[in-house]
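Residue-level structural notes
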Amino acid sequence: TVGIPAQAGVPEALGRAFFQSYAVRYKRKDATVQELVVLCNLGPFTLTAYGLCVLAGAALGVAMTLLRGRKRLGMDASLSLCLSLVFFAWAGARVVYVLTQLEGILVDAEYYGLPFILHPWEGGYTLYGAVLGAALGIWLYGRVTRRSPGKLADVAAPGAALALCVIRLGDYFTGQGLGHYVEEEALQRFPFAVQNLYEDWQQPVFLFEALAALVIC
């Protein structure tokens, strides 16, 4: 996959001994190059800037769902709903990614191979899989507790939109979620465009999607 991590300057206040930031570049299956900003390593686990955005988005989404649901469902039921949402969103994101990339995973033993399927900490998730998984989690929770899935979705939707907003903003650190190239120099600036890994200007579709999710929230 990727080359030697390039050490980037990190504020000394963050502590060089533990919190070191550097960029990791690797070649994806679609032949594009992606850059991940690594924040720190915790044993076998690596925390990236995008991963931190996912955690922050999930935490904010859960918090909003608990606030909305404590009066309509009760705190215990709201907490159970959040656990169902988080688990099925995670599982859906992983399963859909594996299914859509299954041929490459099984064929390319050098980068993936069968063990990759059983190593979710190595990455490989899809956002639309998370949305489908969350919807399934709401439906199953409604069936088990005999509550209306529509009412449960009404409680969970704003929190899910908030989580989606933060997660999409995290694509700034991955170089994904970019649209058409911007040739007009007057528009080659944020928020109309951002530079990709090769310093070309492209439309920040991830930002537009994040703003749309924030409006829904």
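Coordinates for the structure precede this section.
1. Here's the deal with the environment of Y128
Its place among the elements puts Y128 in helix 5 (residues 127-145). Not counting chain neighbours up to four residues away, the residues in contact with Y128 comprise V96 and T100.

2. Concerning the nonpolar core
Residues L73, L81, L85, I138, Y141 and L152 are the most contacted members of the largest nonpolar core, which totals 13 residues. Those elements that place two or more of their residues in this core are helix 2 (75-100), helix 5 and helix 6 (149-169). With five residues, helix 2 is the single largest residue contributor to this core. With sequence-adjacent residues up to four places away left out, L85 is seen in contact with A134, I138 and A156.

3. Here we look at the side chain of R168
Note that R168 resides in helix 6. For R168, a relative accessible area of 15% translates into the label buried. Each residue touching R168, except ones within four places of it in the same chain, is listed here: L127, G177, F206, E209 and A210.

4. Focus: the packing of aromatic side chains
Taken as a whole and assessed by the stated rule, the structure comprises four aromatic pairs. Centre to centre, the rings of F87 and F88 are 5.3 Å apart; their planes meet at 85 degrees, and the pair counts as edge-to-face. When its relative accessible area of 47% is taken as the criterion, F87 is described as partly exposed. Exposure remark for F88: the relative accessible area of 23% places this residue in the partly exposed category. Taking the centre distance of 6.4 Å and the plane angle of 55 degrees together, the rings of Y172 and F206 count as tilted. A residue pair is termed long-range when its members are at least 10 positions apart, and Y172 in the loop between helix 6 and strand 5 (194-195) and F206 in helix 7 (residues 205-216) qualify at 34 residues. You can call F206 buried: its relative accessible area is 4%. Put simply, the rings of F87, F88 and W90 pair up and form one aromatic cluster.

Basis of the calculations
- Residues numbered from 1 in each chain as written.
- Predicted model: local features only at pLDDT ≥ 70, side-chain atom pairs only at ≥ 80, totals over all residues.
- Heavy atoms only, no water.
- Helix = DSSP H or I, 4+ residues; strand = E, 2+ residues; numbered from the N terminus.
- Contact = heavy atoms within 4.5 Å.
- Core = buried A, V, L, I, M, F, W, Y, C linked by side-chain atoms within 4.5 Å.
- Buried < 20%, exposed > 50% of the residue type's maximum accessible area, 1.4 Å probe, protein only.
- Phe/Tyr/Trp six-rings, centres within 6.5 Å; stacked < 30°, edge-to-face > 60°.

No statement about biological role is implied by the geometric values presented.
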